[in-house]
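# Summary of structural features
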Amino acid sequence: IESRIKELTELLNKYAYEYYTLDRPSVEDDEYDRLYHELVALESDNPQLIRADSPTHRTGDVILDGFEKFRHPYNLYSLGDVFSREELAVWEERVRKDIPNPEYICELKIDGLSLSLYYEEGILVTAATRGDGLVGENITENVKRIKDVPLQLSEPIDIVVRGEAYLPRTNFSKLNAERELEGLAAFANPRNAAAGTLRQLDTKVVAKRGLATFLYQEASDATNDTQEEVLEYFVRLGFQVNPVRKFARNMDEIWEFIEQATLLRDELAYDIDGVVVKVNNLAQQEELGFTVKAPRWAIAYKFPA
Ligand SMILES: COc1nc2nc(N)nc(N)c2nc1C
């Protein structure tokens, strides 16, 4: 039985990956459902054999009576914001004072809900909101129902990662159309819809709303030398990583990315509210350190509202 449960779990996870991430299912839904129900039956007769990465964690209907507080072992800092090229140049000059020839990496700032995910030996043990950076809300059960969040990484490591949960625009429109039909108030924007969804106490609601994630930061001790390597490592581990990113050497190249992101904004499948510019080399990030509340080595350029 144990080997059949292992076989079903691996097969169903592969099919789910093809369906949700590659958007290229290799089996019909009824084949998936047949195997899924065989696994549910085997797991309910042998609960001690349920695997950590079983797809049944993603859809089982758990109704929470509230969210526990979660104290983050690492302070989840936020970013300083700038709203113009001039302000950005002031930040860049400050960096250049300590790092003469900086290499920057420019990333998109997804307009979603900040998440931190805690893995032990490769298994997702906790997912929490950022909260005030020290204490957030434990929303593990809800996050397990975000289809692109890996329940088990490709390596059995302990790691803490940060990212954003968001609602793709297509799912946002579908959700608001459904709410209109049910006479419910529409969500103002995908960010509010994502936040509202993750605050649901009925986890089944999360499973059907189609949230997604992009991970961007290793909160635990760095095991790579640059931010770019961290992002590539995250892909190998099984995380979703936003592909729109570029290196820059100076303000002109940073601004070029910002202009490209501004043009790209309406074409994207998700909302962004700006661009994040970071010193790519992690040792240089250490050198620059933090102000009282934000890193000196990263800045968020916010698009004009
Ligand atoms: C270095 O810390 C951060 N990096 C980030 N990167 C991206 N792309 N988006 C964010 N929202 C973000 N937020 C923080 C606190």
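Heads up: these notes are all about the structure in this document. Bear in mind that the values here come from a model prediction, so they are computed numbers and not experimental data. (Residues numbered from 1 in each chain as written. Predicted model: local features only at pLDDT ≥ 70, side-chain atom pairs only at ≥ 80, totals over all residues. Heavy atoms only, no water.)

Here the focus is the overall build of the chain. Across its full length, the chain carries ten helices and eleven strands. C-alpha extents for the chain along the principal axes are approximately 65 × 45 × 40 Å. Counting only carbon and sulfur atoms, one obtains 51% of the accessible surface of the chain, whose full area is about 15,400 Å². (Helix = DSSP H or I, 4+ residues; strand = E, 2+ residues; numbered from the N terminus. Areas by Shrake-Rupley, 256 points an atom, 1.4 Å probe, with all protein chains shown as cover.)

Our next topic: the side chain of Asn176. Its place among the elements puts Asn176 in helix H5 (residues 169–181). Dropping the residues within four chain positions of it, Asn176 is found in contact with Ala186 and Phe187. (Contact = heavy atoms within 4.5 Å.)

Taken together, Tyr77, Leu79, Glu107, Leu108, Lys109, Arg162, Glu164, Tyr216, Gln217, Val276, Lys278 and Trp297 form the complete shell of residues around the ligand. Contact distances for the ligand include 3.1 Å between a nitrogen atom and a backbone N or O atom of Leu108. Between the ligand and Tyr216, the relevant distance is 3.4 Å, taken from a nitrogen atom to a side-chain nitrogen or oxygen of the residue. Within the complex, the protein chains bury 94% of what would otherwise be the 370 Å² of accessible surface of the ligand. Counting only elements with at least two residues in the shell around the ligand, the list comes to strand E3 (104–110), strand E7 (159–166), strand E8 (212–218) and strand E10 (272–279). Across the shell around the ligand, the residue classes break down as six nonpolar, one polar and five charged. (Near = heavy atom within 4 Å. Polar contact = N/O pair within 3.5 Å; in protein donor to acceptor, adjacent residues only side chain to side chain. Nonpolar A, V, L, I, M, F, W, Y, C, P; charged D, E, K, R; others polar.)

Judged by nonpolar contacts, the single largest core of 37 residues is most densely connected at Leu117, Tyr119, Val143, Ile159, Leu198, Phe234 and Phe239. Secondary-structure elements contributing two or more residues to this core are strand E4 (113–120), strand E5 (123–129), E7, H5, helix H6 (190–198) and helix H8 (227–237). If you tally residues by element for this core, the top one is H8, at five residues. What Leu198 contacts, discounting residues up to four positions off in sequence, is Phe67, Leu113, Leu115, Ile139, Asn142, Val143, Ile146, Ala165, Val206 and Leu211. By size, the runner-up hydrophobic cluster in this structure holds 32 residues, among which are Met251, Ile254, Trp255 and Ile258. (Core = buried A, V, L, I, M, F, W, Y, C linked by side-chain atoms within 4.5 Å. Buried < 20%, exposed > 50% of the residue type's maximum accessible area, 1.4 Å probe, protein only.)

Its 17 residues place the ends of helix H2 (residues 29–45) 24 Å apart at the C-alpha level, agreeing with the 24 Å of an ideal helix rising 1.5 Å per residue. Those residues of H2 that sit buried are Leu35, Tyr36, Leu39, Leu42 and Glu43. Projected down its long axis, H2 carries its buried residues within an arc of 125°, all on one side. Structural note: H2 exposes Asp30, His37, Ser44 and Asp45 on the side pointing more than 90 degrees away from its buried face. (Expected span 1.5 Å × (residues − 1). Arc of directions from axis to C-beta.)

Let us now look at the packing of helix H3 (residues 85–98) against helix H9 (residues 251–264). Between H3 and H9, the least distance of the axes is 11 Å, while the angle of their chain directions is 135°. Taken together, H3 and H9 sit at an angle that is classed as oblique. The two elements H3 and H9 meet at a crossing, and its hand is right-handed. Each of Arg85, Leu88, Ala89 and Glu92 in H3 lies in contact with H9, whose residues at this interface are Met251, Asp252, Ile254, Trp255 and Ile258. Across the contact of H3 with H9, the residue classes tally to six nonpolar, no polar and three charged. (Axes fitted to C-alpha atoms, helices over the stretch in contact; angles between N-to-C directions. Parallel < 35°, antiparallel > 145°, perpendicular 65-115°, else oblique. Left-handed = near helix turned anticlockwise from the far one by under 90°.)

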